[in-house]
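This is what each chain is made of:
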Amino acid sequence: MVKLTMIARVTDGLPLAEGLDDGRDLKDAEFYKQQVKALFKNLSRGHNEASRMSIETGPYFFHYIIEGRVCYLTMCDRTYPKKLAFQYLEDLKNEFERVNGAQIETAARPYAFIKFDTFIQKTKKLYQDTRTQRNIAKLNDELYEVHQIMTRNVQEVLGVGEKLDKVSQMSSRLTSESRIYADKARDLNRQALIRKWAPVAIVLGIVCLLFWVKGKIW
């Protein structure tokens with residue numbers, strides 16, 4: 001059964017639409033929505049490995065497709081056929097591009113296409129019961145296969161982003177610290193030069209002063 005449906009722009013992770021009644025009968029719905037948002041954030045940073053993927057998360061699977069800089073994602077029971085999940089997403093993708101394609105790049109606020117929920121709910125109802133003649137026919141359709149779609153674990157997927165973020169933070173910190181050390185090294189070198197040449201400068205100054213006094217006296 002389809003549990004959650006969310007659509008986001010890949011370039012910045014901006015949520016564009018979602019199923020408004022999603023999560024009403026789902027325990028820990030907010031927890032899974034936060035995972036989806038974290039996944040969108042990773043995708044916006046270029047951490048995606050494939051345009052189609054299934055991700056294990058507890059008793060469910062996230063399935064997503066990326067097309068035209070938009071990610072279409074649904075969460076289903078583990079027993080829900082993978083083939084139907086991806087055909088459901090394909091139907092959403094085709095309609096979303098047809099209706100909103102020209103405005104996707106210019107959308108500036110979250111859930112700018114929330115009215116698309118009407119189509120999400122209508123389409124979700126068609127895919128809820130896997131035993132209908134329509135869905136059985138889709139399962140038997142050999143033209144749409146999903147065997148090659150990669151399956152990964154949610155901790156592994158989100159962990160990649162966290163590790164890369166930590167590496168980036170460490171790199172920035174090392175760069176900052178190296179600048180501080182470089183400044184300190186320049187200060188130490190300057191102080192060392194002053195200590196080395198200051199006595200010579202003082203002696204020369206005294207000698208010049210003596211010559212000047214002597215010239216005044218004579």
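Thresholds applied
Residues numbered from 1 in each chain as written. Predicted model: local features only at pLDDT ≥ 70, side-chain atom pairs only at ≥ 80, totals over all residues. Heavy atoms only, no water. UniProt positions renumbered as here; feature names shortened; annotations may be inferred. Helix = DSSP H or I, 4+ residues; strand = E, 2+ residues; numbered from the N terminus. Buried < 20%, exposed > 50% of the residue type's maximum accessible area, 1.4 Å probe, protein only. Contact = heavy atoms within 4.5 Å. Areas by Shrake-Rupley, 256 points an atom, 1.4 Å probe, with all protein chains shown as cover. Pairing = 2+ DSSP bridges. Axes fitted to C-alpha atoms, helices over the stretch in contact; angles between N-to-C directions.

The name given to the chain in an unreviewed UniProt entry is 25.3 kDa vesicle transport protein, with the source organism recorded as Kalanchoe fedtschenkoi. Quoted verbatim from the Sequence similarities (unreviewed entry) heading of the UniProt record, the comment on the chain is "Belongs to the synaptobrevin family."

Draft legend 1. Summary view of the overall build of the chain. Summing up its helical and strand segments, the chain has 5 helices and 6 strands in all. Listing each helix as α and each strand as β along the chain from the N terminus yields β-β-α-β-β-β-α-α-α-β-α. When the 218 residues of the chain are sorted by exposure, 38% land in the buried category. Relative to all contacts within the chain whose residues are 6 or more apart in sequence, the contacts with residues 24 or more apart total 66%. Per element, the accessible surface of the chain, about 13,500 Å² overall, is 58% carbon and sulfur.

Draft legend 2. Representation of the pairing of strand β1 (residues 2–9) in the model. Along β1, 8 of the 8 residues are buried, which leaves the element largely enclosed by surrounding structure. Strand direction decides the pairing type here: β1 and strand β2 (residues 15–18), joined by 3 bridges, are antiparallel. The partner of M6 across the bridge, within β2, is E18.

Draft legend 3. A look at the sheet that holds strand β3 (residues 52–57). Strand order in the open sheet formed by 6 strands is β2-β1-β5-β4-β3-β6, and the pairing between neighbours is mixed. In this open sheet, the two edge strands, each paired with only one partner strand, are β2 and β6 (150–153). Neighbour-to-neighbour, the strand axes of the sheet open up by a mean angle of 20 degrees, direction not taken into account. The pairing of β3 with β6 spans 4 bridges and is classified as parallel. Paired with S54 across the strands is T151, a residue of β6. The strands touched by helix α2 (residues 82–100) within the sheet are β1, β2, β3, β4 (60–67), β5 (70–77) and β6, with β4 carrying the most contacts at an inclination of about 35 degrees. Against the sheet, helix α3 (residues 117–128) engages β1 and β2, with an angle of about 140 degrees to β1.

Draft legend 4. Focus on the environment of V10. Within the element layout of this structure, V10 appears in the loop between β1 and β2. We classify V10 as buried; its relative accessible area is 13%. In the structure, V10 is positioned 32 residues away from N42 in sequence and 9.1 Å away in space, judged by C-alpha atoms. Apart from residues no more than four positions distant in its own chain, V10 is found in contact with L43, S44, I66, R69, V70 and C71.

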